[in-house]
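Okay, here's what each chain looks like letter by letter:
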Amino acid sequence: MTAFATKTHSQLKAAVLYLTRTHAMQETIHPMSTLSSAQKEIPPGMIDLAIGQPSPRLLPVDAMAKAAAHCTTRPGRMLLSYGVEQGDSDFRMTLAQFLESIYGMPVEPAHLLVTNGASQAIDMICTLFSKAGDTIFVEEPTYFLARKIFADHQLKPVSLPMDEDGLVLEALEEELRRARPAFLYTIPTYHNPTSVCLSAARREKLAELSRRFELLVVADEVYHPLSYISSPPPPMAGFCLSANIISLGSFSKILAPGLRLGWLQAAPEVIGRIVKCGLLDSGGGLNPFISGIVRSALELGLALENLAVLKETYSHRMQAMSSALRSKLPAAVRFTEPSGGFFIWLALPKGIDATALLPKAIEQNLEFMPGPKFSSRDGLKNHLRLSFAYYDTPELLEGVERLAHVLAEG
């Protein structure tokens, strides 16, 4: 390792340790303070099961320091330039190889475009493939933050039902005979919030509907690599060339959200349209320097090692939390143990309003995400989402105890 690389490694690690210590100090600062180092600050004693992000201790500080040091040993001046609009070609080649190992199918670098995470990709798709007032189709429930992006673009969501095998395609086909949306937004694998997977047969059918009705399908597949019990069906990305599919992926769930690095996979004509947009014409490729570091993480095997750690850790947490929910909550509370992803989706007895229950939970130092957050028609009132990604098992079990107490108190 060169002296420059060694120095860079030390500086990066020192910076991360500084930020970590700063975040720990902020937990003792008055809650109205403007200082912040995270998207959401958790009050002391609170167990916030609404948070859908990795545990701080699972963020791979050492691995990313090694990757940064490795990256800086190369002639890397171009990584500090604006970068090619589609994303650095070496990174896309390495990413394609990584995805082939995850997906079990060929992936072409030419079909990948680098993004600042899945949220930015969704926003860019809304900008380029819809206009204010357009109808879009979404699942009921759907990702609550995607709903906010759609609202930013003044789109009108029409929600479609789901069951244990994912989106109900008979309902989709019926709606397509009445209206042509700008696009369908779907989360086919380890759905947020339900964690269900669209079956293989329905994936084939969805691709067929995309062709027949010229339907653009935006498949948010960020959780696809996080399987714990059994492998999911092949991703919708596999239909990008045979149907009008855009598949989204992100390193936020499998490496670190602070990287703000993701990708979309689509046919060349779709990639070509995005590459010509004003955003990329003005700013160049998205996140070229970080993509260089992540390329090193991929080449050194650090990303796969981290993914293995995450899958083992989340699997244990999910099983422990599921067991506690079965033993501590009333039998009338229903849920399906997930086989991947971050979330457990609870159906409470009819008549119990999760939103009304939340203030009582907060009094017990517990938070969760009420079902209506995920609804495009103000439904799902007796549902709530729990995440097992942020906390270790003891805190998850304590969180279930508190939830049981809240439900018992009514």
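Described in the following lines is the structure provided in the data block.

Rules used throughout
Residues numbered from 1 in each chain as written. Predicted model: local features only at pLDDT ≥ 70, side-chain atom pairs only at ≥ 80, totals over all residues. Heavy atoms only, no water. Axes fitted to C-alpha atoms, helices over the stretch in contact; angles between N-to-C directions. Helix = DSSP H or I, 4+ residues; strand = E, 2+ residues; numbered from the N terminus. Parallel < 35°, antiparallel > 145°, perpendicular 65-115°, else oblique. Contact = heavy atoms within 4.5 Å. Nonpolar A, V, L, I, M, F, W, Y, C, P; charged D, E, K, R; others polar. 1 Å grid on protein atoms, 1.4 Å probe; cavity = no way out; pocket = protein on both sides within 12 Å on 5 of 7 lines; lining within 4 Å. Points joined across faces, edges and corners; volume = space filled by probe spheres on them. Core = buried A, V, L, I, M, F, W, Y, C linked by side-chain atoms within 4.5 Å. Buried < 20%, exposed > 50% of the residue type's maximum accessible area, 1.4 Å probe, protein only. Polar contact = N/O pair within 3.5 Å; in protein donor to acceptor, adjacent residues only side chain to side chain. Pairing = 2+ DSSP bridges.

### Things to note about the packing of helix α6 (residues 169-176) against helix α7 (residues 200-212)
Logical step 1: Interaxial distance between α6 and α7 falls to 11 Å at its minimum, and their mutual angle equals 5 degrees. The orientation of α6 with respect to α7, classified from their angle, is roughly parallel. On the side of α6, the interface is formed by L169, L172 and E173, while α7 contributes R202, K205, L206, L209 and R212.
Logical step 2: Broken down by class, the residue content of the contact of α6 with α7 amounts to four nonpolar, no polar and four charged.

### Focus on empty space enclosed by the protein
Over the atoms a probe the size of a water molecule is rolled, and this reveals where empty space is left.
Logical step 1: Applying the stated criterion to the full structure yields one cavity of 30 Å³ or more.
Logical step 2: Taken as a whole, the largest cavity encloses approximately 40 Å³ of empty space.
Logical step 3: Around the largest cavity, the lining residues are E139, M162, G166, L167, T186, I187, P188, H191, V196, C197 and L198.
Logical step 4: Taken together, the residues that form the lining of the largest cavity break down as seven nonpolar, three polar and one charged.

### A look at the layout of surface pockets
Logical step 1: Taken as a whole, the second largest pocket encloses approximately 540 Å³ of empty space.
Logical step 2: What lines the second largest pocket is a set of 20 residues, and nearest its centre among them are E164, T194, V196, T336 and W345.
Logical step 3: Counting only elements with at least two residues in the lining of the second largest pocket, the list comes to β4 (156-163) and β10 (343-347).
Logical step 4: Its residues assigned to classes, the lining of the second largest pocket shows nine nonpolar, five polar and six charged.

### Concerning the nonpolar core
Logical step 1: In this structure, L172, F251, L325 and L346 are the most contacted members of the largest nonpolar core, which totals 96 residues.
Logical step 2: Looking at this core, the element that brings in the most residues is helix α11 (residues 302-328), giving nine residues.
Logical step 3: Ranked by size, the runner-up nonpolar core spans 37 residues in total, among them C126, I136, F150 and L286.

### Quick word on the side chain of H224
Logical step 1: By the secondary structure assignment, H224 is in the loop between β7 (217-220) and β8 (245-250).
Logical step 2: Look at H224 and you get buried, because its relative accessible area is 5%.
Logical step 3: Only 3.3 Å separates the side chain of H224 from the side chain of T189, close enough to count as a polar contact.
Logical step 4: For H224, the residues in contact, after removing those within four places along its chain, are Y103, T189, Y190, P232, P233, P234 and P235.

### Notes on the sheet that holds strand β2 (residues 112-115)
Logical step 1: The sheet built from eight strands is open, its strands ordered β2-β9-β8-β7-β6-β3-β4-β5 with mixed pairing. Of all strands in the sheet, those bounded by a partner on one side alone are β2 and β5 (166-167).
Logical step 2: Bridge count between strand β3 (residues 135-140) and β4: six bridges; the pairing is parallel. When the sheet's bridge partners are listed, F137 is paired in β4 with V158.
Logical step 3: Strands β2 and β9 (262-265) of the sheet are contacted by helix α3 (residues 89-103), whose axis makes an angle of about 105 degrees with β2.
Logical step 4: Where helix α4 (residues 117-129) meets the sheet, its contacts fall on β2, β6 (184-186), β7, β8 and β9, and the angle it forms with β8 comes to roughly 155 degrees.

Just geometry here; none of it tells us what the structure is for.
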